[in-house]
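Per-entry structural report
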Amino acid sequence: MQIERKNKVDEEIPTSSMADVAFLLIIYFMVTSTFAATRGLDFALPEEEDNPPMIEKEESVLIEIQATGQYMVDQQPMRLDEILDYLEPKLERNPMKPVIIRPDQSAPYGYMVDVFDELRSGSEKGVEVKNISIPTQREIEAFWY
Amino acid sequence: MDLKASERQEAVIPTASMADVAFLLIIFFLVTFQIEVDKTQVELPATGIRLEIPEESAYVSITESGVIRVSGGDEISYAVPSAEEVFSLASVVVSQDPTKAFVLKADRDVPYQYVDEVIDALKRAKVRNVYLLSQQETRDSAGGGAPGGAGGG
């Protein structure tokens, strides 16, 4: 009597569920990952000195930011996009001319960043402001005259 | 003539490579995944100049209401009662690594007084590199960002 051979079952590793697991992991990473801001304006702080060099008021350009958001450059009201034009002839005469940003204590921080960004972007417009200073209130009280 | 029926082929969708693709995506996410040490929700100021911030920088965040949170870069940020605590943390961090960068993540509407106190604390702690965290300036924000217009003199 001839015995019929049973159908041979193929040996294989079941991988069909691997894609499901992998996609679940992808969804987890997509949901938990956030787009964090990782860029900003660099702002090198000067070394604190016991006897900082005195700068004559007449030598520097003072940009005051009022609480209302108005800019006063050397006591003159000015728009943000006018500041570099004002600085250009002064910086041509003295490239190291100090530019001091002095925001009002109640002015929103964003206005200070706008001015700082405008001054920093001057190098792209041919007006490089090399000497930007943002004194703190403590320094102003200690050294301003 | 006896015609032999052709072998019937089973219709299948080839899914063997799907796992490869999925694992490649997972590897991408794993490599690019960064632990965010500070998750404070703030409205960042917009700037045209934006430089890459070094990894593992210390963070100081200030919300619109003036709440300050700090992180040395290794741990999740925690709230501190005043800028004086920022000075304490910054002094410790700088003593361990004098070149450590600090990221100032402040809300654009926070009164400057809070930022001033933090910057002063960082200066006193002899921090050298500070980054003002910002978002990309768009044409709209550049146009509408100029406050006050032609100042009223």
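Here is a short report on the structure shown in this document. Note that the coordinates shown come from a computational prediction; the quantities given were computed from them, not determined experimentally. Sequence order sets the numbering: in each chain, residues are counted from 1 along the sequence as written. Starting at A for chains and at 1 for ligands, labels are handed out in the order in which the entities are written. Totals for whole chains, interfaces and linings use all residues, but because this is a predicted model, local features are given only for residues with pLDDT of at least 70 and pairs of side-chain atoms are given and counted only at 80 or more. Side-chain figures throughout are based on the complete set of non-hydrogen atoms in the structure, without hydrogens or water.

1. Some words on the environment of phenylalanine 116 of chain A
Among the secondary structure elements, phenylalanine 116 of chain A is positioned in helix H3 (residues 109–120). Phenylalanine 116 of chain A gets classed as buried once you look at its relative accessible area, which sits at 4%. Sequence separation between phenylalanine 116 of chain A and valine 21 of chain A is 95 residues; the distance between their C-alpha atoms is 49 Å. Any two residues whose heavy atoms approach within 4.5 Å are treated as being in contact. In this structure phenylalanine 116 of chain A touches Leu41, Asp42, Phe43, Ile101, Ile132 and Ile134 of chain A together with Leu132 of chain B, once residues within four positions along its chain are discounted. Only DSSP runs of H or I with at least four residues qualify as helices, and only runs of E with at least two residues qualify as strands; both kinds are numbered from the N terminus onward. Note on exposure labels: buried denotes an accessible area under 20% of the residue type's maximum, exposed denotes more than 50%, and partly exposed covers the range between, all computed with a 1.4 Å probe on protein chains only.

2. Examining the interface of chain B and chain A
It is common to give the size of an interface as the accessible area lost on bringing the parts into contact. Each partner contributes to the interface: chain B provides 57 residues, whereas chain A provides 54 residues. Once two parts are joined, some of their accessible surface, as seen by a 1.4 Å probe, is lost; buried area is that loss totalled over both. Each partner contributes to the roughly 4800 Å² buried at the junction of chain B and chain A, and carbon and sulfur atoms together form 64% of this total. Taken as a group, Tyr112, Lys123 and Leu132 of chain B account for 16% of the area that chain B buries against chain A, more than any other trio of residues on that side. A pairing counts as a salt bridge when a side-chain nitrogen of Lys or Arg comes within 4 Å of a carboxyl oxygen of Asp or Glu. On inspection of chain B and its partner chain A, the count reaches 3 salt bridges. Polar contact criterion, stated in full: a pair of N or O atoms within 3.5 Å, where within protein one must be able to donate a hydrogen and the other to accept it, and residues adjacent in sequence count only if both atoms are side-chain atoms. Our count for the chain B to chain A interface comes out at 19 residue pairs in polar contact (both at pLDDT 80 or more). In terms of residue count, the dominant contributor to the side of chain B that touches chain A is helix H3 (residues 112–124) of chain B (9 residues).

3. Concerning the sheet that holds strand S4 (residues 76–78) of chain A
Residue and element names in this part refer to chain A. Pairing within the open sheet is mixed, and its 5 strands lie in the order S4-S3-S2-S5-S6. Strand pairing shows two members of the sheet lacking a second neighbour, S4 and strand S6 (132–133), which therefore form its edges. Packing against the sheet, helix H2 (residues 83–93) makes contact with strand S2 (61–65), strand S3 (71–73), S4 and strand S5 (99–103), and its axis sits at approximately 165 degrees to S2. For helices, the fitted line uses only the C-alpha atoms of the stretch in contact; every axis is such a line through C-alpha atoms, and the angle between N-to-C directions lies from 0 to 180 degrees. The strands touched by H3 within the sheet are S2, S3, S5 and S6, with S5 carrying the most contacts at an inclination of about 165 degrees. We treat two strands as partners when DSSP finds at least two bridges between them.

4. Notes on the sheet that holds strand S1 (residues 39–44) of chain A
The strands making up a sheet associate through backbone hydrogen bonding, with each pair oriented either parallel or antiparallel. Taken in spatial order, the 7 strands line up as S2(B)-S1(A)-S7(B)-S6(B)-S3(B)-S4(B)-S5(B) in an open sheet, and their pairing is mixed. In the strand order of this sheet, the two ends are held by strand S2 (51–52) and strand S5 (78–80) of chain B, each with one partner. In this structure, S1 of chain A lies alongside S2 of chain B, joined through 2 bridges in antiparallel fashion. Following the sheet pairing, arginine 39 of chain A is matched in S2 of chain B by glutamate 52 of chain B. Together, S1 of chain A together with S2, strand S6 (101–106) and strand S7 (129–133) of chain B form the strand contacts of H3 of chain A, whose direction differs from that of S1 of chain A by roughly 80 degrees. Where helix H2 (residues 83–96) of chain B meets the sheet, its contacts fall on strand S3 (58–62), strand S4 (68–71), S5 and S6 of chain B, and the angle it forms with S4 of chain B comes to roughly 10 degrees.

5. Concerning the nonpolar core
Soluble, globular proteins show a tendency: their nonpolar side chains are buried together. Remark: nonpolar core denotes a set of buried residues (Ala, Val, Leu, Ile, Met, Phe, Trp, Tyr, Cys) joined through side-chain atoms within 4.5 Å. Counting residues in hydrophobic clusters, the biggest one holds 54 residues, and the most contacted among them are Leu119 of chain A together with Phe102 of chain B. Setting aside residues no more than four positions away along its own chain, leucine 119 of chain A makes contact with Ile63, Ile83, Leu84, Leu87, Val99, Ile101, Val129 and Ile132 of chain A. In terms of nonpolar packing, the next biggest core, distinct from the first, is built from 9 residues, Val42, Ile53, Val103 and Tyr131 of chain B among them.

6. Things to note about helix H1 (residues 18–32) of chain B
For H1 of chain B, built from 15 residues, the straight-helix expectation of 21 Å at 1.5 Å per residue is met to within 8% by its first-to-last C-alpha distance of 21 Å. Of all the residues in H1 of chain B, the buried ones are Ala19, Ala22, Ile26 and Phe29 of chain B. Buried residues of H1 of chain B, viewed axially, fall in a sector of 85 degrees; they line one side. Of the exposed residues in H1 of chain B, those oriented more than 90 degrees away from the buried face are Asp20, Leu24 and Val31 of chain B. Those residues of H1 of chain B that are buried lie in contact with helix H1 (16–32) of chain A. To estimate the expected span of a helix, count its residues, drop one, and scale the result by 1.5 Å. In this description, one arc is meant: the one made by directions from the helix axis to the C-beta atoms.

7. Some details on the packing of aromatic side chains
We call Phe, Tyr and Trp rings a pair once their centres come within 6.5 Å, taking the six-membered ring for Trp, and we label the pair stacked below 30 degrees between planes, edge-to-face above 60, and tilted otherwise. For the coordinates displayed, the defined rule picks out 4 aromatic pairs over all chains. Centre to centre, the rings of tyrosine 28 of chain A and phenylalanine 29 of chain A are 5.6 Å apart; their planes meet at 65 degrees, and the pair counts as edge-to-face. By relative accessible area, phenylalanine 29 of chain A is classed as buried at 12%. Pairing phenylalanine 43 of chain A with phenylalanine 116 of chain A gives two aromatic rings, centres 5.4 Å apart and planes at 70 degrees, and the pair type is edge-to-face. Residue phenylalanine 43 of chain A is located in strand S1, and its partner phenylalanine 116 of chain A is located in helix H3; the two are separated by 73 residues in the primary sequence. Among the residues examined, phenylalanine 43 of chain A registers a relative accessible area of 6% and is labelled buried. Linked through ring pairs, Tyr28 and Phe29 of chain A together with Phe28 and Phe29 of chain B together constitute an aromatic cluster. Sitting over a ring, as applied to charges here, requires NZ of Lys or CZ of Arg to be within 6 Å of the ring centre and within 35 degrees of the ring normal. A cation over a ring is seen here: arginine 124 of chain B above phenylalanine 87 of chain B, with NZ or CZ 4.7 Å from the ring centre.

8. Notes on the pattern of salt bridges
All names here are of chain B. Enumeration over the complete set of coordinates arrives at 11 salt bridges over all chains. Arginine 108 is the salt-bridge partner of glutamate 43, the closest N and O atoms lying 3.5 Å from each other. Highlighted residues: glutamate 43 in the loop between H1 and strand S1 (46–47) and arginine 108 in the loop between S6 and H3, separated in sequence by 65 residues. In this structure arginine 108 comes out as partly exposed when scored by relative accessible area, which is 30%.

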